[in-house]
Amino acid sequence: MKILSTILLVSSVMFSAVAYSSSEEDEVLSFYRFRSRPIDFIARATAVCCNLKNVDIDFSFTHLTDDDLDVIFNALVERKKEANRRHEEYGLHLLNLSGSSITEEGFLKFLRNLQHGKKEDEGSIIYPEVRETIIKIGLSLTEEFVEAMQKVAPSTFAGGIQILE
């Protein structure tokens, strides 16, 4: 029942803008869907992720591969750096990676990257903001796969990330 209500919530969020009320004024946060794979995928993924108002990002029509998850990870790192520059924080509500050709190993590598962050030239480590993010994947969530995910990224899961099939 919890999964069904979560799916319904995700479905309703996917087709409308999300309003976020701050203490001073209301802001409209948005949903971005890639309808096809753009030729300049790296630049477009980075630009979309760096727009802090995009809180729901849907890659389900792009037929991602394991290598594309590295692009998305780096784009999420850039999003975090942009949030740090602006002294703002807009968490990511939904990251839809379903409908792709990613493998379990590729997704585990993506989670491992989220867990360990990306080391910058000056020695600092940037961790993408994925606390309480829902990630929708096109892989079966078997008990073994769920255990493997929690093993490679325990802190990421402790932050409240949710993975949906």
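All values reported here derive from a predicted model rather than from experimental measurement.

1. Brief notes about the overall build of the chain
(1) Moving on: Secondary structure assignment for the chain yields six helices and eight strands.
(2) Moving on: Counted from the first residue to the last, the chain has its helices and strands arranged as α-β-β-α-β-α-β-α-β-β-β-α-α-β.
(3) Moving on: Out of the 165 residues belonging to the chain, those deemed buried represent 44%.
(4) Moving on: The long-range fraction of contacts in the chain, counting pairs at least 24 apart against all pairs at least 6 apart in sequence, stands at 76%.
(5) Moving on: Of the roughly 9200 Å² that the chain leaves accessible, carbon and sulfur atoms contribute 53%.

2. Remarks on unusual backbone geometry
(1) Moving on: Here the phi dihedral of His-63 falls at roughly 50 degrees; this positive angle occurs in a residue that is not glycine.
(2) Moving on: Mapped onto the elements, His-63 comes out in the loop between strand 3 (54-58) and helix 3 (66-86).
(3) Moving on: A positive phi angle is found at His-87, which is not glycine, with a value near 60 degrees.
(4) Moving on: Mapped onto the secondary structure, His-87 falls in the loop between helix 3 and strand 4 (94-96).

3. So, the layout of surface pockets
(1) Moving on: If you add up the space inside the largest pocket, you get close to 170 Å³.
(2) Moving on: Looking at the largest pocket, the residues that line it are Leu-114, Gln-115, Tyr-127, Pro-128, Glu-129, Val-130, Arg-131, Ser-155, Thr-156 and Gly-159.
(3) Moving on: Partitioned by chemical class, the residues of the lining of the largest pocket number four nonpolar, four polar and two charged.

4. Quick word on the packing of aromatic side chains
(1) Moving on: In total, this model carries six aromatic pairs according to the counting rule given.
(2) Moving on: Seen in terms of ring centroids, Phe-34 and Phe-59 are 4.7 Å apart; in terms of plane orientation they differ by 15 degrees. Their pairing is stacked. Taken together, the positions of Phe-34 in the loop between strand 2 (26-33) and helix 2 (41-50) and Phe-59 in the loop between strand 3 and helix 3 put the pair 25 residues apart, joining distant regions of the chain. Across this residue pair, the class does not change: Phe-34 and Phe-59 are buried.
(3) Moving on: Measuring from centroid to centroid gives 6.1 Å for Phe-41 and Phe-59, while their planes differ by 70 degrees, and the two rings are edge-to-face. One end of the pair, Phe-41, is in helix 2; the other, Phe-59, is in the loop between strand 3 and helix 3, and 18 residues separate them in sequence.

The rules behind the values
Residues numbered from 1 in each chain as written. Predicted model: local features only at pLDDT ≥ 70, side-chain atom pairs only at ≥ 80, totals over all residues. Heavy atoms only, no water. Helix = DSSP H or I, 4+ residues; strand = E, 2+ residues; numbered from the N terminus. Buried < 20%, exposed > 50% of the residue type's maximum accessible area, 1.4 Å probe, protein only. Contact = heavy atoms within 4.5 Å. Areas by Shrake-Rupley, 256 points an atom, 1.4 Å probe, with all protein chains shown as cover. 1 Å grid on protein atoms, 1.4 Å probe; cavity = no way out; pocket = protein on both sides within 12 Å on 5 of 7 lines; lining within 4 Å. Points joined across faces, edges and corners; volume = space filled by probe spheres on them. Nonpolar A, V, L, I, M, F, W, Y, C, P; charged D, E, K, R; others polar. Phe/Tyr/Trp six-rings, centres within 6.5 Å; stacked < 30°, edge-to-face > 60°.

Structural measurements only, silent on function.
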